[in-house]
Amino acid sequence: MEGGQIRIGQVSKINYESGMISVVFNDKDATTTKDLPVLSFNGEYKMPALESYVLVVSLSNGNEAGYVLGNYWNNKNKPAVSGAGVYRKELGASAGEAYIQYSNGSITFHDGSGSATLSQIIAAINLLGV
């Protein structure tokens, strides 16, 4: 990666503790980077999955200095839901495992035990008299 550029790579190794990953570039010479920092989006922690595709920006001094920008949507990595005004934050390791979703004026929480809207949760709390 010369001259500061953006490339697509595939996650080859994850260092969960440091928040860094190693990426292999299959497009040219199958080179693998040293551990690169993953963009944190203001302290948010969620590492890309092994073998997932990520965008990597390099600085002008090559493979040794760069950052992983993160995953991106494509034909193999499609959003679970989509549309204008939809916000969804996947919390689990795989899509649909656990998430928070906003759509049509409603917020839904989902985990392994099921789903509930914020309105349902507030109604249940009111029934309990809390």
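Now for a description of the structure that goes with this document. Since the structure is predicted, the reported quantities are computational estimates derived from the model, not experimental observations.

Glancing now at the overall build of the chain. Of the regular secondary structure elements, the chain holds one helix and ten strands. The secondary structure elements of the chain, listed N-terminal to C-terminal, are β-β-β-β-β-β-β-β-β-β-α. Over its C-alpha trace the chain gives a radius of gyration of 19 Å, far above what one expects of a compact globule, namely 14 Å for 130 residues. Here the C-alpha coordinates of the chain stretch approximately 60 × 30 × 20 Å along the principal axes. The proportion of buried residues among the 130 residues of the chain is 25%. Long-range contacts, defined as pairs at least 24 residues apart, comprise 35% of the intrachain contacts of the chain with a sequence gap of at least 6. Of the roughly 8,600 Å² of accessible surface on the chain, a fraction of 55% belongs to carbon and sulfur atoms. Here the chain contributes 9 positively and 11 negatively charged side chains, and the mean placements of these two sets differ by 5 Å.

Next up on the list: the pairing of strand S1 (residues 6-15). A regular strand places its side chains on the two faces of the sheet in alternate fashion. Sheet topology places S1 next to strand S5 (residues 53-59); five bridges connect them, and they run antiparallel. Of the residues in S5, the one forming a bridge with Ile8 is Leu55. Sheet analysis places S1 next to strand S2 (residues 20-25), joined by five bridges and oriented antiparallel. Looking at the pairing, Ile14 lines up with Ile21 of S2.

We now examine the pattern of salt bridges. Per the stated rule, a full pass over the model turns up four salt bridges. The closest approach of N and O atoms between Asp27 and Arg7, which form a salt bridge, is 2.5 Å. Taken together, the positions of Asp27 in the loop between S2 and strand S3 (31-32) and Arg7 in strand S1 put the pair 20 residues apart, joining distant regions of the chain. A salt bridge links Lys89 to Glu44, with the nearest nitrogen and oxygen atoms 2.5 Å apart. Of this pair, Lys89 sits in strand S7 (residues 87-90) while Glu44 sits in the loop between strand S4 (36-37) and S5, and the two are 45 residues apart along the sequence.

This paragraph deals with the nonpolar core. In this structure, Val11, Ile14, Ile21, Val23, Phe25, Leu36, Val38, Met47, Val54, Val56 and Val68 together form the largest nonpolar core, which totals eleven residues. Of all the elements in the fold, those that place two or more residues in this core are S1, S2 and S5. Looking at which element gives the most residues to this core, the answer is S2, with three residues.

Cut-offs and rules
- Residues numbered from 1 in each chain as written.
- Predicted model: local features only at pLDDT ≥ 70, side-chain atom pairs only at ≥ 80, totals over all residues.
- Heavy atoms only, no water.
- Helix = DSSP H or I, 4+ residues; strand = E, 2+ residues; numbered from the N terminus.
- Rg over C-alpha atoms; globule rule 2.2 N^0.38 Å.
- Buried < 20%, exposed > 50% of the residue type's maximum accessible area, 1.4 Å probe, protein only.
- Contact = heavy atoms within 4.5 Å.
- Areas by Shrake-Rupley, 256 points an atom, 1.4 Å probe, with all protein chains shown as cover.
- Lys, Arg positive; Asp, Glu negative; His and termini not counted.
- Charge placed at Lys NZ, Arg CZ, Asp CG, Glu CD.
- Pairing = 2+ DSSP bridges.
- Salt bridge = Lys/Arg side-chain N within 4 Å of Asp/Glu carboxyl O.
- Core = buried A, V, L, I, M, F, W, Y, C linked by side-chain atoms within 4.5 Å.

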